[in-house]
Amino acid sequence: MARLVTLKADKSLWAESHYKTHHQASTFNSYLKQYYPLNVLPFKHTQHNLKFKVTCRVRDKEIENLIEAQKKVNRFRAIEELDQKEGLVKTLEDEFGEGKGDKSAGFEWNWPPLKNIPQRYKLIGTTSLAFVICNMDKVNLSVAIIPMSHQFGWNSSTAGLVQSSFFWGYALSQLPGGWLAKIFGGRKVLEVGVLAWSLATALVPFLAGYMPGLVASRILVGMGEGVSPSAATDLIARSIPLEERSRAVSFVFGGLSFGSVMGLLLAPPLIQSYGWESVFIIFGFLGIAWFLAFQFVKDGEPSAGGASTSGHLFFSEKNSWIGSLEELEGSLKDVPWKAFFKSKAVWAMIYAHFCGSWGHYTCLSWLPTYFSEELSLNLTEAAWVSVLPPLASIFVTSIAAQLADYLITKGVDTTRVRKTCQTISFLSPASCMILSSLDLGLPPWEVVTILTGGLALSSFALSGLYCTHQDISPEYASILLGITNTVGAVPGIVGVALTGYLLDSTHSWSMSLFAPSIFFYLTGTVVWLTFASSKPQTFSKRD
């Protein structure tokens, strides 16, 4: 409601002033705009005078604004309360029948059950599920290789070549995976990786009779799975704070152990009932189903101190592919590669990753055959026994993660925690392999128990080495893991094939499987304790 009043000392809002020059009128106009920031109507001025109008008093306008703002707040509250009541009534009607819902109920019905779980936990949970499928598709060949070798007449060297072909693709995709995860974000890279390895897994039965095709399909499986660790590391670095990081890493990468358990449990009955081809087809379609379901999972909020999320921005619809490619080229040049390789801590991670992978990949590929041939177990028994190490690893992983996070929150130096965990993960399997390789006359089930305990304790690495990448540089965590994982994939190529060759040459499981792993576990411990560090490092191209 506007009204016109005379401008006086009490700041009323109608004024008529006479100025002799146009310059004076302009000066007065600027003065009023500076000290009376109101809705001023256009001036009517001549050479000698100036008239202006405003709509209402300052205080009246402020009161009207406050009233209007309060009305909006009240409307929002009313709408929110109405939605809650309607949702509650609808739920009660569905539960007890129409008309029986009490609109005056004093509690809120939360549905679906996962609604109130923080988004970062949902994202971490689905990522862990992807890792479950990842190892299911990795270990299926270690079981299926036994009937496949009988069908196609493969010796140990040929079987080792087929199994090692997975790691060719795995090694090739590590650095590209880390780089792409930093640029596009771990989510996009993980999606593409899961879809690629799942399709390649489903194609194995159709290519098994043609060796180049079989090797190519396993290489593609390795490439798809090879980008997953870097993608997961990027997700964790972006969304999980330091005090939760050990548990997040252990939960996600612990999916690998659970996937090994599921794969080794499901593969034998499927092979016996439907043939070895079934494990590849069924496991492949599980990954495709995960890919479709993951489209409904929203991104989590970035954590404080996490990696920059700017990498997601130029992947949006507003940017052209040409611009994205230019950003990719520029980002690759911006990575401080020289600074990485000048760091002793990075070299400690590289060698430790190599040593741990040698023992892990050779045992993962050859233990079912070892149990079958050396301990005289049938296919089902060998597969079930092979389940014990990854099954025990799930239990050990949860303890190690809780212990590591507890020590860090209590003020224990992060480097000391990581060194302790990694030392346990190296010395435990080394000691158990020494006992298993000696001719002590132990019965088969005691050998199985010893190996299970040692390999399970190696899961302490998830709270040691695998957290160090994010500790020293959240920004470059995915790229650092890509570097170490590239070197860590070499044992999968060389170690798995070399084990088969040594087995044909020496006919000794102690020399072919256990002795090389023991050597790398012990030397890895020395290097890790000497050079490893979890102190944050600022990598720069000028370093």
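Residues numbered from 1 in each chain as written. Predicted model: local features only at pLDDT ≥ 70, side-chain atom pairs only at ≥ 80, totals over all residues. Heavy atoms only, no water.

**Comments concerning the overall build of the chain**
Argument step 1. Each helix and strand in the chain was counted, giving 19 helices and three strands.
Argument step 2. Considering only contacts in the chain between residues 6 or more positions apart, those separated by 24 or more positions represent 81%.
Argument step 3. Only carbon and sulfur atoms are counted for the fraction: they give 63% of the accessible area of the chain, which is about 27,000 Å². (Helix = DSSP H or I, 4+ residues; strand = E, 2+ residues; numbered from the N terminus. Contact = heavy atoms within 4.5 Å. Areas by Shrake-Rupley, 256 points an atom, 1.4 Å probe, with all protein chains shown as cover.)

**Comments concerning helix 18 (residues 477-506)**
Argument step 1. Relative to the 44 Å expected for 30 residues at 1.5 Å per residue, helix 18 spans 42 Å between its end C-alpha atoms, a close match to the ideal helical length.
Argument step 2. Downstream of helix 18 by one or two residues, His507 has phi in the positive range, about 55°. (Expected span 1.5 Å × (residues − 1).)

**Re the nonpolar core**
Argument step 1. Ranked by size, the top nonpolar core spans 82 residues in total, and within it Tyr370 and Phe371 carry the most contacts.
Argument step 2. Excluding anything up to four places from it in sequence, Phe371 contacts Ser376, Leu377, Ala382, Val385, Ser386, Val448 and Leu451.
Argument step 3. Among the nonpolar cores identified, the runner-up in size contains 26 residues, and Val132, Ala144, Val261 and Phe283 belong to it. (Core = buried A, V, L, I, M, F, W, Y, C linked by side-chain atoms within 4.5 Å. Buried < 20%, exposed > 50% of the residue type's maximum accessible area, 1.4 Å probe, protein only.)

**Quick word on the environment of Leu427**
Argument step 1. Tracing the backbone shows Leu427 in helix 15 (residues 414-437).
Argument step 2. Its relative accessible area of 36% is what places Leu427 among the partly exposed residues.
Argument step 3. Between the C-alpha atoms of Leu427 and Ile518, which are 91 residues apart in sequence, the distance is 8.8 Å.
Argument step 4. Other than its neighbours up to four places away in sequence, Leu427 contacts Leu522 and Thr525.

**Section: the UniProt feature "transmembrane region" (unreviewed entry) in the chain**
Argument step 1. Mapped onto this structure's residue numbering, the UniProt feature "transmembrane region" (unreviewed entry) falls at residues 189-208, 248-267, 279-297, 346-367, 387-408, 447-467, 479-503 and 509-532.
Argument step 2. Summarising residues 279-297: 84% helix, 0% strand, and an end-to-end C-alpha distance of 27 Å. (UniProt positions renumbered as here; feature names shortened; annotations may be inferred.)

**Points about the state of the cysteines**
Linking two cysteines covalently via their sulfur atoms produces the bond known as a disulfide.
Argument step 1. In total, this model carries zero disulfides according to the counting rule given.
Argument step 2. Cys421 takes part in no disulfide bond, and the closest cysteine sulfur to it belongs to Cys467, at a distance of 8.1 Å. (Disulfide = S-S within 2.5 Å.)

**Observations regarding the packing of helix 3 (residues 119-152) against helix 10 (residues 277-294)**
Argument step 1. Put simply, helix 3 and helix 10 touch, their axes get as near as 9 Å, and they point 170° apart. With respect to helix 10, the axis of helix 3 lies roughly antiparallel. Contacts between helix 3 and helix 10 involve Leu123, Thr126, Leu129, Ala130, Ile133, Met136, Asp137, Asn140, Leu141, Ala144 and Met148 from the former and Val279, Phe280, Phe283, Gly284, Leu286, Gly287, Trp290 and Phe294 from the latter.
Argument step 2. Taken together, the residues of the contact of helix 3 with helix 10 break down into 14 nonpolar, four polar and one charged. (Axes fitted to C-alpha atoms, helices over the stretch in contact; angles between N-to-C directions. Parallel < 35°, antiparallel > 145°, perpendicular 65-115°, else oblique. Nonpolar A, V, L, I, M, F, W, Y, C, P; charged D, E, K, R; others polar.)

**Description of the confidence of the model for the chain**
Argument step 1. Mean pLDDT over the chain works out to 77, with 72% of the residues at or above the 70 mark.
Argument step 2. Predicted confidence is poor over residues 31-56, with pLDDT under 50, and the contacts of this stretch with residues over four places away or in other chains come to 51 contacts.
Argument step 3. A low-confidence stretch, residues 88-109 (pLDDT under 50), is modelled with 12 contacts involving residues beyond four sequence positions or located in other chains. (pLDDT = per-residue confidence, 0-100.)

**Notes on empty space enclosed by the protein**
Argument step 1. One pass over the full model with this rule turns up three cavities of 30 Å³ or more.
Argument step 2. Of the pockets and cavities examined, the largest cavity occupies roughly 770 Å³.
Argument step 3. Going through the elements one at a time, helix 3, helix 8 (228-239), helix 9 (242-274), helix 13 (344-373), helix 14 (379-409), helix 15 and helix 17 (465-472) are the ones with two or more residues in the lining of the largest cavity.
Argument step 4. A total of 11 residues in the lining of the largest cavity trace back to one element, the largest contributor, which is helix 13. (1 Å grid on protein atoms, 1.4 Å probe; cavity = no way out; pocket = protein on both sides within 12 Å on 5 of 7 lines; lining within 4 Å. Points joined across faces, edges and corners; volume = space filled by probe spheres on them.)

**What to know about helix 13**
Argument step 1. Compared with the 44 Å implied by 1.5 Å per residue over 30 residues, the 43 Å span of helix 13 between its first and last C-alpha is a close match.
Argument step 2. Largest kink in helix 13: about 50°, centred on Trp366, with the proline Pro368 one to four residues after it.
Argument step 3. Taken across its 30 residues, helix 13 has 23 buried, putting it largely inside the fold.
Argument step 4. A side-chain oxygen of the first residue of helix 13 lies 3.3 Å from the backbone nitrogen of Ala345; this N-cap is Ser343. (Bend = angle between axes of the 7 residues up to and from the residue. Polar contact = N/O pair within 3.5 Å; in protein donor to acceptor, adjacent residues only side chain to side chain.)

**Quick word on unusual backbone geometry**
Argument step 1. Even without being a glycine, Ser376 presents a positive backbone phi close to 60°.
Argument step 2. When you line up the elements, Ser376 lands in the loop between helix 13 and helix 14.
Argument step 3. In this model, His507 sits at a positive phi of 55°, which is unusual for a non-glycine residue.
Argument step 4. Here His507 is to be found in the loop between helix 18 and helix 19 (509-531).
Argument step 5. The exposure class of His507 is exposed, given its relative accessible area of 66%.

**Brief notes about a nonpolar patch on the surface**
Argument step 1. Among the surface-exposed residues, Leu203, Phe206, Ile281, Ile282, Phe285 and Leu286 lie close enough to one another that they form a single nonpolar patch of about 580 Å² accessible area.
Argument step 2. Looking at the nonpolar patch, the elements with two or more residues in it are helix 6 (186-207) and helix 10.
Argument step 3. Element by element, the count of residues in the nonpolar patch is highest for helix 10, at four residues.
Argument step 4. Looking at Phe206, the relative accessible area reads 64%, which means it is exposed. (Patch = residues over 30% accessible without salt bridge, like charges linked within 9 Å, V, L, I, M, F, W, Y side chains within 5 Å. Salt bridge = Lys/Arg side-chain N within 4 Å of Asp/Glu carboxyl O.)

**Observations regarding the packing of aromatic side chains**
Argument step 1. Applying the stated criterion across every chain, the model contains 25 aromatic pairs.
Argument step 2. Here the aromatic rings of Phe354 and Phe520 are separated by 5.2 Å at their centres, their planes lie at 80°, and the arrangement is edge-to-face. Remark: Phe520 occurs in helix 19 and Phe354 occurs in helix 13; sequence separation between them is 166 residues.
Argument step 3. Residue Phe354 is classed as buried on the basis of its relative accessible area, which comes to 15%.
Argument step 4. By relative accessible area, which is 14% here, Phe520 ends up buried.
Argument step 5. One aromatic cluster is present, built from ring pairs that chain together Tyr351, Phe354, Trp358, Phe519 and Phe520.
Argument step 6. Of note, Arg187 hangs over the ring of Phe294, and the distance from its end group to the ring centre comes to 4.4 Å. (Phe/Tyr/Trp six-rings, centres within 6.5 Å; stacked < 30°, edge-to-face > 60°. Lys NZ or Arg CZ within 6 Å of the ring centre and 35° of its normal.)

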